[in-house]
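One-letter residues, chain by chain:
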Amino acid sequence: QVQLVESGGDLVQPGGSLRLSCAASGSFSRINFMRWYRQAPGKEREWVAAITSGVYTNYADSVKGRFTISRDNAKNTVSLQMNSLKPEDTAVYYCNADILVQGATYTYWGQGTQVTVSS
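Below: a short report on this structure.

**Looking at the state of the cysteines**
Move 1: Applying the stated rule across the entire model yields one disulfide.
Move 2: Across the disulfide from C22 sits C95; the S-S distance is 2.2 Å. Judged by the sign of its S-S torsion, about -80 degrees, the cystine formed by C22 and C95 is left-handed. Of this pair, C22 sits in strand β3 (residues 18-25) while C95 sits in strand β9 (residues 91-101), and the two are 73 residues apart along the sequence.

If you want it as C-alpha cells, here you go:
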C-alpha cells in the first residue's frame, strides 16, 4: 500500500521560515507529479506548488518568490521550503502525488501537517 507522510509543520512567527517534507513509501514503479496543497480554516483546499519528475516547477501566485518546492527522486521525497511566512499562510499543508502502481497511475494524499504563522 502506498502512503505519503508529511512532516515539518510547526508554529512560526511572521517573517520566519519552515521546511516541510513528504515521503512516499510502499510498492510502486514511479512517482510523476508531486504537489503541495493547503487548507486554511473555513476555506477550500488550494494548490500551492508542483514539481515534475524532472526539474520543472510551478507555484501559486500567493507563494511565488517565497516558497520553493524540490524533490529527491532517490529517496522518494518532496519538500517545501517556506520563507517570509505570513499569517495568511496558516493552514494544514498536504502532500499529493501521482504514482504509477502496477501499470496504472493513482493520485495519493498525505494526512496533512499544520503550519501556524503567528506572533
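**So, the side chain of E6**
Move 1: Locating E6 in the fold gives a position in strand β1 (residues 3-7).
Move 2: Buried charge without a partner: E6 forms no salt bridge, and the closest opposite charge is R45, 7.6 Å away.
Move 3: Within the structure, the side chain of E6 is placed 2.7 Å from the backbone nitrogen of C95, a separation counted as a polar contact.
Move 4: A polar contact is formed between the side chain of E6 and the backbone nitrogen of Q111, at a distance of 3.0 Å.

How each quantity is defined
- Residues numbered from 1 in each chain as written.
- Predicted model: local features only at pLDDT ≥ 70, side-chain atom pairs only at ≥ 80, totals over all residues.
- Heavy atoms only, no water.
- Disulfide = S-S within 2.5 Å.
- Helix = DSSP H or I, 4+ residues; strand = E, 2+ residues; numbered from the N terminus.
- Buried < 20%, exposed > 50% of the residue type's maximum accessible area, 1.4 Å probe, protein only.
- Lys, Arg positive; Asp, Glu negative; His and termini not counted.
- Salt bridge = Lys/Arg side-chain N within 4 Å of Asp/Glu carboxyl O.
- Polar contact = N/O pair within 3.5 Å; in protein donor to acceptor, adjacent residues only side chain to side chain.

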